[in-house]
Amino acid sequence: MFRNFNKWCLWLLAVALTSFTFNSSAQGEALFKAKCASCHQPHKDGTGPKLFEVRKKWADGGAKEGSIYQWVNNWQIAAATDPYAKNVSTWSKTAMNAFPELKVDEINSIMDWIDSQPDPATVVVGAAGPNGVVEPGMVEEESSKAWIWILLAVISVIVISTIGGVRRQLKQATALSEGIELNDALSYMGEFKVWAYNNKAVVGVSSLILFITLLVTGMQGLGNIGVVQGYQPSQPIEFPHSVHAGVNGIDCKYCHNSVNNSKSAGLPTVNVCMNCHKQINGNTPEQQAKIAKIYEAAGWDPSGAGQYTGKTKEIIWNKVHALPDHVYFPHSQHVAVAGIDCKQCHGDMTQQKETAKIQLVEDLNKIEGNVKLTKPTLTMGWCIECHGEKEISTGSLDSKNSGYYNEIHKRLLNNDKKLYSGYLKDGKVTVKELGGWECAKCHY
Amino acid sequence: MGMTRKYWKGLDELKETPEFLKSRDEEFPKEMSVEDFLGDDSLAESSTDRRDFLKFLGFSVAAATVAACEAPVVKAIPYVNKPENVMPGMPTWYASTYYDGNSYASIVVKTREGRPIFIKGNKDHGITKGATNPQIIASVLGLYDSARLTTPTKRSDLSTWSAVDKDIIAAIAKVKAKNGKVVLVSNSIISPSTDKAISALSLAVGSGTESNAFEHIQYDAQSYAGIRKANMQSFGESFIPDYDFSKAKTIVSVGADFLNSWLLPTQFAPQYIASRNPDGEWMSRHFQFEANMSVTGSNADERGMIKPSQQANVLAYLLKAFGAPVSGVSSEISAQATKVADQAIKSLKASKGASLVIAGSNNAAVQILANKLNVVLGSYGKTIDVANTINMFKSEDEKMIKLANNVIAGKGPDMILFYGVNPVYTLPNGKAFGEALKKMNNTISFAGHADETASNCEFICPDHHALEAWNDFNPKKSHYAIAQPTIRPLHNTAQAQESMMVWGGVASRGGKDSKVFYDVIFDNWDLTGFQTQTEIADLNTYWGVRVHNSVAEEMTLVPVSVTFNETALSGLSDKLPKTSTLEVEMYQKAGLGIGNQANNPWLQELPDPITKVTWDNYITMNPVEMTGKYATTFDQEHGLNLATITVNGKSVTLPVYPTPGQTPGTVGVALGYGRGENQEKIGRAAFQTKEYGGYKEDENGKLMPIGANAFAFLGSENGTMSYSAPASIKQEEGMYIIAATQIHHTVMGRHSIVRETTLETYKNKDKEAYNPSYTLQKLDENGHHVEAPMSEFDLWDAHPVENIGHRWAMTIDLNSCIGCGSCLIACQSENNVPVVGKDEVRRGREMHWIRIDRYFASDEEAAIGTRKDKDTFSFDKAEIAAENPKVIHMPMMCQHCNHAPCETVCPVAATTHSNEGLNQMTYNRCIGTRYCANNCPYKVRRFNWFNYPSYKKFTEINPAQDDLGRMVLNPDVTVRTRGVMEKCSFCVQRIQAGKLVAKKEDRPVVDGDVTTACSDACPANAIIVGDWNDVNSIVRSSSADKRSYQALEEVGVKPNMWYKTKVRNEDNKELDLLQVEPVAHGSHGNGGHEEKAHH
């Protein structure tokens, strides 16, 4: 019992310790990303200097004790009192922000976290970086493997016919040696016919099965034409949504910024990427290689203080959600008017470590608050199903309230109560009931 | 009782020729055999039998299916740096101004992702009040013309700007060194900033001072120099006054087509329509005396037929009636014209001081008579404004004629520059001028194409397209406007003004994003605009507001009074045009105008408002005169007789088109055709094409221009160009096939389509007299037969559209519609309507979603069943009436029936009804059975017989067949493919967009949120669009107007469109007698009467 008790105590202690260190490090990382990361990096100078072992540097450089914390809170005070700090303030023309809200232990947790970061320059190339490394081979998914199958089929046909020929010759040879008369005129087909005639039942049943199987797979195959669910094209830059929308918590609309106003959500233009990536050029060689592509597109020379060369180049993405030309899907109607969250159709992009793809309907159904749909994502059935279920809020029917849908509901209420009560049988007015299933809403 | 006039769309319908009866009964002409259709003789002889065909078919279906399994990879390319005011997927609108030397309008340009794709009138600012014309709307297509020059050329070799500049500057220096002369020929320059650029060039040539070394000749293809000259003689000052048609209670136009071409139709049309409101305090009375049946004449209340040379006679006749006879000027006119003139006198006397007389002639003597008459009538200061003069049309015909003669004689100046003009095409002696020009050096053209003149010049320094350039304009004395670029120059072109400044040595080339001329405009507006006003304190704000509106608000001018110099009237008789037994009048068509957009397939395919002919010009002649000599009816298989007109030894051969209303003894020929005679590269669509694609070639292998150039017939009288001439005509062997849109869609005796009344009847009688509602019989609860309105009869359950949700509706006022065709071009531009070419139009396969039906009406004819003499009446007697008929223009498109017959017959539910009242067409469902088109009572559905954007037959004409031309397509509208039906969608893309705007602002849809392209374009505001369920909407009250009716109401399809009865301010006793209020009577409805009596 005692032994057990000790064990329990030790275990608890261990848990407490680990969780404490874990918390501290997590806090440091979070704070760094929230407050510092836009200018500083652990191992690389950016807008601000690299911060790896900065406390040691200050102490070695003869800075006053504690002046580094003063610096973080308000660098001007520190520069006024400490000659070392004053010297640091000349590092760049860009003045550092003041962070009076950071307490000493918080600053320490940031520094601790920074000091725990390995220098990417010393990390062996190929080892997994912390974020966004994509398994090799994924990019190759578009290259067709059909030729292998064709080759196999050709080989097998050759093999079969060769064996068949050998068999025939052997048979003829044996027949010859045994002196039996053989009907040479009988071709393969003839032989098959004879055999089939002798095994009518087997042939009948199996051809029926074959026929039905072909029919069923054929129909299923036809049903899959144009279904693009799961489509995940390769991209010129393997963009990890999980880092941007997830780790860094950037709002979808920061990059896809016409989503509220236009029919298209808009791909971020390169200058939008550069808002952040002017400073952030990656911690690992993989990241740096990817970000270098943005620099190339924007015509940005990151060396020195960084400057635009004026030589721009467009980034040609492969469209993921490519609707046919005759479909008009307005994002702003769904996002700005209906208030639908991006993830309801596009899935939780904060978790999307690889390049974007069309989410499976099963995955979308797991998203909280989503209407559960059965048809594959991005098919017309999928749209229609949702329009059949989704409710359009009646809002208040108060005469003072004069919103768009209030007016529509009022017209219904005042002019055709029967129709309206029919709509309301399931307790809601759906998109479909206001015309959301009509052809010319999306096709024109 | 019933309707009153007989309407017909063509003489063949009136006479019920066998060809007509045959074609009338066939919705889709099927005269073409399979061999013709395939167009390849070898195919007919091939050994492919039916089974092979089925095998191929099966294989291709399977192949297509397999191919469709793989979704193509679509690329998405975002901007590197997004321009601030561009939102992908959303249009950006820019206010600007259109001026091409002939038409002027304040416009708004719609751009998508930086591409201009649609032009409409600016309803908020400018003198044109939102009015445009087909040419202005279609000009956006010219931007993407693949025949545009992409770089400067020297002797047709591609060159660079630096090389060309060097050569030209050296040439100028040489000319200067030998005291030579430089001439700039331009169209009328109304841009104050361009004047600065020209004076920079002039100073450079004239060694620091303006001198004789530089001459600037302004020359317009359509000259109005006669008006300026007449005013010089009448009032001592050369000007074109401003006319205000909205104030004129009586309008007498003697040969002036002021709704289509005369001076400033974009300003006059809205003014005219404002005076034509039958519900207003007064409604103007419009008399037209003319030779050709013009757009204006077709809208007139009374129309007198005169020869072009008789314009003076009419004016003299009127002057005589007002006690101011002019000695030496004959006042003799035909009996028919006299009748009209007498009425005009009556009306003018009644509305003295509020009347307006205008004359179309470019002969100063005729214009002096018009001036005198206006003085007598007291029009000056009332309907004619002498203070706010029109700056356009400063053509110096005399100087131009002299220059041309000098050049032809080899005595030309040392250097000529051509800016905005094409004299080789537009001068009567253009051919000789061109030949002489070719031999000259130092000839420079700023033309965007290597056109007739430019191709004979040493240098072509292509100017920007108007949509790529900054400019400013001063069309009227008190009115200034700005044109701003809506796209970065597509090609390596340079603004002409910049070139002039560079050669003048005051600027250096600014490259693609040049601000050279912009700076001139900005400084000019700062100096003369900003610094003379006090309203806005900040220059940038001032400039921003001006560019945003594209105009400066009008300044008020001190009224100017004029005194008529009576000596101007002396000796007029010698200067008047001479009468001849046959006179030809040259006129401008609504589509092609003076021909500067002859390469624009939209305009070529625009049916002429009167004749409904596409892709050709022709000789118009009164069918009465043609009888016995020429074919007065035609079918599109055999065409029309050819004839040669000769004027002054120059001849053209054209088909003779029977045009009711053409004055006997006259013929008309449209200008603007026959471009590219010498194979100039003026654009793909400017030449005749073969039946199955490719260009037609003459015996020498040359491309054949479309139509013939009538500018050759121009003459000059007293130093001004004249647009009519004595002529002789000779019938030629052979027939010419012509493509008209009118004989495919027939009225079939259903007179409930168009309704018309007189102002007298409208004011004094009940609605039932002129706009009777249809009733049918039903049994009431007591088992009695009673009359009930159409709305009570339903075969099907009604679609729940009334008062629920939206109900998109439209009213079209037949009283306002002038038939100009702007709506058609706007619709084509907005909805990616394909161009199909002459051959397909001939087969009745034009694709226009909206057409303008033109119905002729005769004065004497009464509605069937209502004539007292119906026993003795026969259609043949109506022939005489065809000589000078009344005309009604009626826009016709999908009526969006709530009981649509097309919807019930579609086997695949590709056309369905929306709960907003729209008849929806779902292209991706349509399998092309064409049942719907067969079932449509309005014949507005169009079938895609071919894949117009890719089939080789349409390579030369369809703009969507090249990469540049495709840029004009509206990305919000599907480009339809072969085998599907299409029709007016009520601009559903705009409805969706309009609703979305309201939804985002969380407010109900209000008037103005949703407009259609046609209603946007209408210069007369004849088309009103809105949500009928909104009880406050204009369309709701308009549809309830007593003039409103629904076309073919009796068939019970319940359209969402209403037409409004045309009211003519005419004396028409016959019509008044026929339109009587119904007496309550027994058991027969009006509809029953008509239908029964017909057949």
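First, a word on scope: everything that follows refers to the structure included in this document. This structure is a prediction, so every number in the text was calculated from the model and none was measured. (Residues numbered from 1 in each chain as written. Chains lettered and ligands numbered in written order. Predicted model: local features only at pLDDT ≥ 70, side-chain atom pairs only at ≥ 80, totals over all residues. Heavy atoms only, no water.)

**Topic: helix α15 (residues 397-408) of chain B**
Residue and element names in this part refer to chain B. For clarity, the cut-off: A run of H or I in DSSP counts as a helix once it spans at least four residues, and a run of E counts as a strand once it spans at least two, with each numbered from the N terminus. The length a helix should cover is 1.5 Å for every residue beyond the first. Whether a residue is buried, partly exposed or exposed follows from its accessible area with a 1.4 Å probe, protein chains only, as a fraction of its type maximum: under 20%, in between, or over 50%, in that order. The arc in question is the one spanned by the directions pointing from the helix axis to the C-beta atoms.
For α15, spanning 12 residues, the distance from its first C-alpha to its last is 16 Å, which sits close to the expected 16 Å at 1.5 Å a residue. Considered for burial, the residues of α15 that qualify are Asp-397, Met-400, Leu-403, Ala-404 and Val-407. Down the axis of α15, the buried side of the element spans an arc of 125°, and every buried residue falls inside it. Those residues of α15 that are exposed and aimed more than 90 degrees away from the buried face are Glu-398 and Lys-402. Backbone geometry just after α15 places Gly-410 at a positive phi near 75°.

**Considering the sheet that holds strand β5 (residues 115-121) of chain B**
Residue and element names in this part refer to chain B. Condition: Strands are treated as partners if at least two bridges between them are detected by DSSP. Only the contacting stretch of a helix is used when fitting its axis, a line to C-alpha atoms as for every element, and angles between N-to-C directions run 0 to 180 degrees. Note on contacts: a residue pair qualifies if any of its non-hydrogen atoms lie within 4.5 Å across the two residues.
Reading across the sheet, the three strands line up as β3-β4-β5 and stay open at both edges, with antiparallel pairing between neighbours. The outermost strands of the open sheet, each flanked by one partner alone, are β3 (91-99) and β5. Neighbouring strand axes in the sheet, compared pairwise and without regard to direction, differ in orientation by 30° on average. Sheet analysis places β3 next to strand β4 (residues 104-112), joined by nine bridges and oriented antiparallel. Bridged to Tyr-94 within β4 is Val-109. Packing against the sheet, helix α6 (residues 134-143) makes contact with β3, β4 and β5, and its axis sits at approximately 170° to β5.

**Digging into the packing of aromatic side chains**
Under the convention used in this document: The rule is short: rings of Phe, Tyr and Trp, with Trp giving its six-membered ring, pair when the centres are within 6.5 Å, and they are stacked under 30 degrees, edge-to-face over 60, tilted in between. For a Lys NZ or an Arg CZ to count as sitting over a ring, it must be within 6 Å of the ring centre and within 35 degrees of the ring normal.
Evaluated as defined, the whole model comprises 43 aromatic pairs over all chains. Centre to centre, the rings of Trp-58 of chain A and Tyr-84 of chain A are 5.1 Å apart; their planes meet at 65°, and the pair counts as edge-to-face. Of this pair, Trp-58 of chain A sits in helix α2 (residues 54-60) while Tyr-84 of chain A sits in helix α5 (residues 83-88), and the two are 26 residues apart along the sequence. Residue classification places Trp-58 of chain A among the buried residues on the basis of a relative accessible area of 7%. Ring centres of Trp-262 of chain B and Phe-268 of chain B lie 6.0 Å apart, and the angle between their planes is 35°; on these two criteria the pair is classed as tilted. Here Trp-262 of chain B and Phe-268 of chain B have matching classes, each one buried. Ring-pair connections join several aromatic residues into one group, and the members of that group are Tyr-243, Phe-245, Phe-258, Trp-262, Phe-268 and Tyr-272 of chain B. For the cation-ring pair, Lys-349 of chain B lies above Phe-322 of chain B, with the distance from its terminal atom to the ring centre recorded as 5.6 Å. Sitting over the ring of Tyr-762 of chain B, Lys-1042 of chain B keeps its end group 4.9 Å from the ring centre.

**As for the pattern of salt bridges**
Residue and element names in this part refer to chain B. The cut-off we apply is this: We count a salt bridge whenever a side-chain nitrogen from Lys or Arg sits within 4 Å of a carboxyl oxygen from Asp or Glu.
On inspection of all chains with the given rule, the structure shows 58 salt bridges over all chains. The residue Lys-995 makes a salt bridge to Glu-916 at a minimum N-O spacing of 2.6 Å. Here Glu-916 lies in the loop between β39 (911-913) and β40 (919-921) and Lys-995 lies in helix α29 (residues 988-1000), a separation of 79 residues in the sequence. Under the relative-accessibility criterion, Lys-995 is labelled buried at 3%. Among the residues examined, Glu-916 registers a relative accessible area of 6% and is labelled buried. A salt bridge links Arg-1003 to Glu-1001; the shortest N-O distance between them is 2.7 Å. Linked through salt bridges whose partners overlap, the residues forming this network are Glu-691, Asp-839, Glu-840, Arg-842, Arg-843, Arg-845 and Lys-953.

**A closer look at the interface of chain A and chain B**
One frequent convention defines the size of an interface as the accessible area lost when the parts assemble. In plain terms, the rule: By buried area we mean how much accessible surface two parts lose on assembly, using a 1.4 Å probe and totalling the loss over both. Here a polar contact is taken to be a pair of N or O atoms separated by no more than 3.5 Å, where protein atoms must pair a possible hydrogen donor with a possible acceptor and residues adjacent in sequence count only if both atoms sit in side chains.
Facing the 55 residues of chain A at the interface are 53 residues of chain B. Carbon and sulfur atoms make up 61% of the surface buried where chain A meets chain B, a total of about 4,400 Å² over both sides. When the area that chain A buries against chain B is broken down by residue, the three leading residues are Tyr-404, Arg-411 and Tyr-444 of chain A, summing to 19%. Scanning the region where chain A abuts chain B turns up three salt bridges. Linking chain A with chain B are 27 residue pairs in polar contact (both at pLDDT 80 or more).

Functional significance is not addressed by these values, which are geometric in nature.
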